[in-house]
Each structure stands twice: as structure tokens, then as C-alpha cells.
Amino acid sequence: MIKPIPISQVTLGMYIVDIPGHDLLGIRQQGLIRNPQILRVMQQRGVESVMVDFDRSSVSLHPKTEEKAKVKRQIKPAPIKQELPRAQKLYDEARQLQQRTMESLYQGDTIDLEEVDDTADKFIDSVFRNDSALSCLRLIKDKDDYLLEHSIGVAILMVMFGRHLGLSGEELHHLCVGSLLHDIGKIKIPEKILNKPGKLTDAEFTIMKSHAMHSREIIKATPGINKISLDVAAQHHEKLDGSGYPSGLRGDQISRYGRMITICDIYDAMTADRVYRRGLTGPQALKRLLDMAPHQLDNELLHQFINCIGVYPPGSFVELSNGVIAIVLESKANPLLPLVKVIYNTHIGTHIMVEELDLSSSSNSEKIVRAVKPEEFRLNPKNYV
């Protein structure tokens with residue numbers, strides 16, 4: 001999308017295609033702005049506006065995004081008890097946004113990017129305050145609403161992952177936007193295939209795979225979308241060995257952002273309960289991901305992802321060495337010894353007084369022996385978060 005931009009709002013990373021009314025000797029009329037000296041020269045020579053191609057730019061239409069990012073890094077941390085209610089409200093709002101967005105596209109309208117931008121900013125705020133809150137909620141999905149909640153889960157993982165990698169606030173914003181929208185192309189898939197309670201046939205799977213292409217085209221046509229967000233959505237099923245889709249990209253043809261979302265997308269899908277199957281525990285899913293590296297998944301990024309979320313991420317159910325079932329609340333210095341909430345005794349088969357236990361405390365002797373699915377003990381995760 002080509003748009004006139006006042007010179008006061010032009011930033012590094014914008015791709016200029018024309019400078020109306022000016023022939024600046026020594027300055028290219030087209031190209032990516034990489035040097036701040038070019039901006040100073042244009043201002044000194046009276047340039048009032050330039051034509052910017054945002055499809056070829058590495059920044060978005062929103063010139064204040066980086067300012068917002070600096071504010072985000074100053075957000076004060078909050079205890080999980082304080083952040084959970086805010087995170088729950090945000091999660092519910094995100095579900096409603098997903099529903100509205102799909103209904104709007106069904107009716108032939110375009111994506112309201114302003115709403116998506118606002119939700120992405122709120123997600124990043126919450127993760128900076130306490131990433132355990134949204135992480136807990138990610139694991140408490142409704143298996144009947146997988147289509148709505150999967151994109152939210154992936155967005156949560158991507159923001160956590162991006163922050164762990166030290167990406168800028170602007171990059172985090174675009175990562176989150178692309179993640180929230182990455183499966184939007186599924187509106188083009190027949191419902192009988194999309195919601196089939198069982199394994200798809202080869203023909204059905206071919207149709208299902210087309211959703212990635214539809215997502216790419218829908219998002220590409222969205223005014224103001226950033227290239228990072230487009231890469232995230234377009235490449236979420238690509239694999240390093242070329243076995244992915246929709247374009248069969250290989251190696252360096254897949255951006256770093258595309259490699260990141262592939263990991264997050266697979267992990268969230270593997271750990272989610274579906275109508276026709278129970279999701280894997282965190283350790284089981286990580287083992288499968290490790291089996292896919294380095295041929296299909298980026299090995300270095302995968303190990304960074306594991307360091308980021310931990311073996312037992314917040315929201316996981318675990319069995320302790322004394323036979324008690326607990327839910328992980330927060331990972332502290334040692335991810336194998338997190339803060340947990342004990343809820344159930346397997347020896348007597350009954351609930352126990354709910355209390356928090358810091359496994360890293362010097363006074364504690366209990367350890368995690370395995371990850372469990374709450375259904376094993378007829379526990380409803382919603383009752384404990």
C-alpha cells in the first residue's frame with residue numbers, strides 16, 4: 001500500500017517510492033531509508049511529504065508504536081493474583097474480537113486493524129506485568145471453541161517468546177497482530193471439514209491446508225498491515241526442509257518470525273484438547289518438537305522457546321513426589337521448581353485444602369515427578385485459576 005506521509009512522521013525503515021515536487025541531487029528518489037542523515041537532508045531541503053510503500057517497508061503506518069514500546073518496558077510487574085483478573089478480562093475480549101472479525105469477513109468486510117492493534121498492545125502490557133497470568137489462561141481452552149482460542153494461545157506464546165528473545169516493542173506488536181490473525185483464512189474452509197470430529201482424508205487435508213494461503217491473501221489486503229505481521233501469518237505452516245505450505249519455502253526463505261510462529265503454532269495445537277483427542281502434556285509436546293529439529297524446525301529458536309516457557313509452564317498440572325496434584329502458577333529461578341497450588345491427593349482420591357507451595361524454598365522437600373492432564377483425576381482447570 002502506497003501512502004503520502006508528512007516528513008515529520010517519516011522514520012527509518014520506510015520505503016520511499018517518490019518525493020513529490022522535488023529532485024534531490026545526490027538523494028535517491030526510491031529506496032529503504034536506512035540512514036538518518038537522509039531524513040535530515042530532506043528536511044533541510046524543504047521536503048514536506050513523501051510517498052511510502054508500506055508493503056516494502058519494515059515499519060508500520062503507526063509512527064508512535066516505538067514510543068508505546070518504550071512505555072511498555074517501564075510497566076511495573078504485578079503479582080499473579082493481581083494480574084489474573086485483568087488477564088481473564090483481556091482473554092474474553094480477545095475471543096469476542098476473533099468472533100467479530102470472522103463475522104465481518106464472512107459478510108465481505110475488511111479486518112478492523114485498529115481493534116486488533118489495541119488488543120495486541122493489551123496483550124503485551126499483560127505479559128510485561130506478569131506473563132504467568134495469560135500463560136495459565138492459554139491452557140484452559142474450551143475444546144469446542146478451538147478455532148477462536150488457538151490464535152489467542154499462539155499470540156500469548158509469541159509475545160512471551162519475542163520478549164524472551166529481546167525483540168523490540170514494535171516487533172512484539174507486529175508479532176502479536178500477525179499471531180491473532182494467522183488462522184483467519186479458515187473462514188474459507190467448509191465447516192464440515194473445519195469441524196470434522198476425526199482424521200481428515202487426504203482430499204480434505206488438501207482443502208484444509210489452503211487456509212494458510214487464504215490467511216496470507218486476506219491479511220495482505222488489510223490496509224496498514226506490517227510486513228512482520230504478514231510474514232507471521234503467511235509462514236506459520238512452512239518448514240525448513242520445504243515440506244510445509246502454502247509455498248513450500250526452504251531454509252532462509254522463511255523469516256525468523258515465520259520460524260518462531262511455526263514452533264508456537266505446533267506447540268499450542270499439540271497441547272490443546274480437541275473434540276476427538278486429548279492434548280499432550282508440555283513435556284510430551286516438547287519432545288515431539290525436538291524430534292522435528294533441525295530439519296523442519298529451527299533448532300536454536302526451539303531451544304530458546306523451551307527456555308522461555310519451561311518444561312512445566314504456568315497452567316500445567318503436575319504430580320508431586322508426595323502424590324499431590326498441583327497447578328503451576330509461576331516459574332521462578334529454577335523452572336523445575338516453580339510456585340504451585342496444591343489441590344488434590346491421589347492417595348485418598350479427594351480434594352485437599354488449596355494452598356500455594358514454593359518448590360524452590362529451602363524448607364520444601366517435594367519435587368515434580370510428572371506432568372498430568374487434569375482429566376485423569378476429573379479435575380476442571382477452570383476451578384483452580
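Residues numbered from 1 in each chain as written. Predicted model: local features only at pLDDT ≥ 70, side-chain atom pairs only at ≥ 80, totals over all residues. Heavy atoms only, no water.

What about the nonpolar core?
Here is the rule: Working definition of a nonpolar core: buried Ala, Val, Leu, Ile, Met, Phe, Trp, Tyr and Cys residues. They are joined through side-chain atoms within 4.5 Å. For the exposure calls, accessible area comes from a 1.4 Å probe over protein chains only, and a residue counts as buried if that area is under 20% of its type's maximum, exposed if over 50%, partly exposed in between. Here a helix means four or more residues in a row that DSSP labels H or I, a strand means two or more in a row labelled E, and each is numbered from the N terminus. Contacts are residue-level and defined by heavy atoms, with any inter-residue pair within 4.5 Å sufficient.
Counting residues in each nonpolar core, the largest one holds 80 residues, and the members touching the most others are F123, L175, M260, L289 and F305. The dominant element in this core, judged by the number of residues it contributes, is helix 4 (residues 113-138), at 11 residues. Not counting residues within four places of it along the chain, the set of residues in contact with F305 comprises L157, F161, I263, C264, Y267, L286 and L289.

Digging into the confidence of the model for the protein chain
To keep it simple, the criterion reads: On a scale of 0 to 100, pLDDT captures the predictor's confidence in every residue.
The predicted model of the protein chain averages 89 in pLDDT, with 92% of residues at 70 or higher. Mean pLDDT across the secondary structure elements of the protein chain bottoms out at helix 2 (residues 65-72), with 44, and peaks at strand 5 (residues 317-320), with 98. Per-residue pLDDT stays below 50 along residues 63-73; that stretch engages in 18 contacts with residues further than four places along the chain or on separate chains.

Looking at the sheet that holds strand 4 (residues 49-53)
Condition: Strands qualify as paired when DSSP identifies two bridges or more between them.
Read across the open sheet, the 4 strands follow the order 1-4-2-3; overall the sheet is antiparallel. Looking at the sheet topology across the chains shown, the edges are occupied by strand 1 (2-6) and strand 3 (31-32). Sheet topology note: the strand 1/strand 4 ladder contains 5 bridges and is antiparallel. Note on strand 4: the bridge partner recorded for K3 is V52.

Examining the pattern of salt bridges
Put simply, the rule reads: By definition, a salt bridge exists where a carboxyl oxygen of Asp or Glu is found within 4 Å of a side-chain nitrogen of Lys or Arg.
A complete count under the given rule lists 19 salt bridges for this structure. In this structure, the salt-bridge partner of E149 is R95, at a minimum N-O distance of 3.1 Å. Note that E149 is positioned in helix 5 (residues 146-164) and R95 in helix 3 (residues 80-106), a separation of 54 residues in sequence. Measuring nitrogen to oxygen at the nearest pair gives 3.4 Å for the salt bridge that ties D118 to K122.

Let's talk about the packing of helix 10 (residues 256-271) against helix 11 (residues 282-292)
Here is the rule: Geometry is summarised by axes, namely lines fitted to C-alpha atoms with helices restricted to the contacting stretch, and by angles between N-to-C directions that run from 0 to 180 degrees. We call two directions roughly parallel when the angle between them is under 35 degrees, roughly antiparallel when it is over 145, roughly perpendicular when it lies between 65 and 115, and oblique otherwise. The crossing is said to be left-handed when, going from far helix to near helix, the turn is anticlockwise and less than a right angle, and right-handed when the turn is clockwise. Side-chain classes follow a simple rule in which Ala, Val, Leu, Ile, Met, Phe, Trp, Tyr, Cys and Pro form the nonpolar group, Asp, Glu, Lys and Arg form the charged group, and the remainder, Gly included, forms the polar group.
Running from amino to carboxyl end, helix 10 crosses helix 11 at an angle of 140°, the nearest separation of the two axes being 9 Å. As summarised for this structure, helix 10 and helix 11 are arranged oblique, according to the angle between their axes. Crossing handedness for the pair helix 10 and helix 11: right-handed. Contacts between helix 10 and helix 11 involve I263, I266, Y267, M270 and T271 from the first element and G282, A285, L286, R288, L289 and M292 from the second. Taken together, the residues of the contact of helix 10 with helix 11 sort by class into 8 nonpolar, 2 polar and 1 charged.

Some thoughts on empty space enclosed by the protein
Formally: Space inside and on the surface of the protein is sampled on a 1 Å grid over the protein atoms alone, with a cavity defined as a set of points where a 1.4 Å probe fits but cannot get out and a pocket as an open set with protein on both sides within 12 Å along at least 5 of 7 lines; lining residues have an atom within 4 Å of a point. Grid points are joined across faces, edges and corners, and a volume is the space filled by probe spheres set on the points.
One pass over the full model with this rule turns up 3 cavities of 30 Å³ or more. Counted as a void, the largest cavity has a volume near 50 Å³. As for the largest cavity, its lining consists of Q98, M102, L147, L148, S151, L180, D183 and I184. Counting residues per element, the lining of the largest cavity draws most heavily on helix 5, which supplies 3 residues. Of the residues that constitute the lining of the largest cavity, the class distribution is 5 nonpolar, 2 polar and 1 charged.

Comments concerning helix 12 (residues 299-309)
Note the cut-off: As used here, the arc is the angular range of directions from the helix axis to the C-beta atoms. Each polar contact in these results corresponds to two N or O atoms within 3.5 Å; when the atoms are within protein, one needs to be able to donate a hydrogen and the other to accept it, and residues that are neighboring in sequence are counted only if both atoms are side-chain atoms.
Listing the buried residues of helix 12 in full gives L301, L302, F305, I306, C308 and I309. For helix 12, the angular spread of buried residues about the axis comes to 160°, placing them on one side. Of the exposed residues in helix 12, the ones pointing more than 90 degrees away from its buried face are E300 and N307. In this structure, the buried side of helix 12 is in contact with helix 5, helix 10 and helix 11. Among the residues of helix 12, the N-terminal cap falls to D298, whose side-chain oxygen and the backbone nitrogen of E300 are separated by 3.1 Å. Once helix 12 ends, the next one or two residues include G310, with phi positive near 80°.

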